[in-house]
Amino acid sequence: MFDTQKIDAYFNGEKDLSSPTKESPSSRARIMRWLKIALPSIAALLIGLLIIMPGIQTEGDRLAVDVTRPKKGELEKLHMEKTAFYITDANNKVNNFNADNIDETEPGSKLLKLKNPSGILPNADNTWVNIQSPSGYYNQNTSLLHLLQGVEIFYSSGGTATSQEMYFDFKQSKAYSLLPTTVDGEDGHIESQGFEYYQDKDLLIFTGKTHITIPEEQIKGDN
């Protein structure tokens with residue numbers, strides 16, 4: 001048991017508990033001053049920590065909720081910027097394409113989302129067709145290109161065509177659209193409900209109801 005009288009005597013500056021020898025009055029005075037300053041400061045620090053601890057815990061919980069972590073598998077998706085890519089069709093012709101961004105829709109799906117795709121489709125007779133659109137998809141499994149949001153088609157002969165969407169099947173070297181299509185060229189203006197284009201034959205077929213406007217000079221011919 002502690003002798004409380006001895007402890008009181010020590011703090012009153014009357015007796016030393018740790019040593020049989022007496023300390024000088026100046027040494028005891030320094031210790032007393034240090035204890036009087038240190039003990040209240042330590043007590044205040046402990047009380048302050050107890051007060052702010054709930055706030056710290058709450059803030060930590062809030063940050064944990066706000067932080068957005070990558071979903072599982074998200075970092076495994078293919079992503080490329082300002083990329084040129086090449087698609088070989090069934091006849092081993094190479095079709096050259098460019099896109100601002102290429103993103104795989106799901107890890108390992110091989111379905112690529114394209115931003116601002118554009119490309120050149122070479123024909124058998126050394127002519128070519130240039131196509132472009134704001135967005136599209138390319139399925140590597142089926143070799144099917146799907147262009148969206150307004151497709152523009154430019155022929156090397158000078159004609160142009162537009163449609164809201166277009167598909168190109170590289171296994172069949174065939175392009176087609178099921179939406180209204182317009183074509184403008186030297187031979188006139190054509191509006192149809194869709195089209196089919198066979199790359200190997202450089203053959204364009206208009207499908208559905210088709211309206212053709214031919215300039216008068218083309219009907220009269222040369223005199």
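Now for a look at the structure at hand.

Calculation notes
Sequence order sets the numbering: in each chain, residues are counted from 1 along the sequence as written. It should be noted that, the model being predicted, local features are given only for residues of pLDDT at least 70 and side-chain atom pairs only at 80 or more, the latter also being counted only at that level, while totals for whole chains, interfaces and linings use all residues. As a convention, hydrogens and water are excluded, and side-chain values are obtained from all of the structure's heavy atoms. Numbering of helices and strands runs from the N terminus; a helix is a DSSP stretch of H or I covering at least four residues, while a strand is a stretch of E covering at least two. A 1.4 Å probe rolled over the protein chains alone gives each residue an accessible area, and that area as a share of the maximum for its type sets the label: buried under 20%, exposed over 50%, partly exposed in between. Working rule for contacts: check all heavy atoms of both residues, and any pair within 4.5 Å makes them a contact. Only protein atoms enter the calculation, which uses a 1 Å grid: trapped sets of points that fit a 1.4 Å probe without letting it out are cavities, open sets showing protein on both sides within 12 Å along at least five of seven lines are pockets, and any residue with an atom within 4 Å of a point is a lining residue. Grid points are joined across faces, edges and corners, and a volume is the space filled by probe spheres set on the points. Only Asp, Glu, Lys and Arg are considered charged, only Ala, Val, Leu, Ile, Met, Phe, Trp, Tyr, Cys and Pro nonpolar, and every remaining residue, Gly among them, polar.

**Focus on the environment of Asp100**
Mapped onto the secondary structure, Asp100 falls in strand 2 (residues 94–104). Residue Asp100 is classed as partly exposed on the basis of its relative accessible area of 24%. Leaving out residues up to four positions away in the same chain, Asp100 has contacts with Met80, Glu81, Lys82, Lys115 and Asn116.

**Here's the deal with empty space enclosed by the protein**
Under the defined criterion, the tally for this structure stands at 1 cavity of 30 Å³ or more. One number sums up the size of the largest cavity: a volume of about 50 Å³. Taken together, Leu121, Val129, Ile131, Ile153, Tyr155, Met166, Ala175, Phe195 and Tyr197 form the lining of the largest cavity. Secondary structure elements with two or more residues in the lining of the largest cavity: strand 5 (128–132), strand 8 (151–155) and strand 13 (188–198). Looking at the lining of the largest cavity residue by residue, the classes come out as 9 nonpolar, no polar and no charged.

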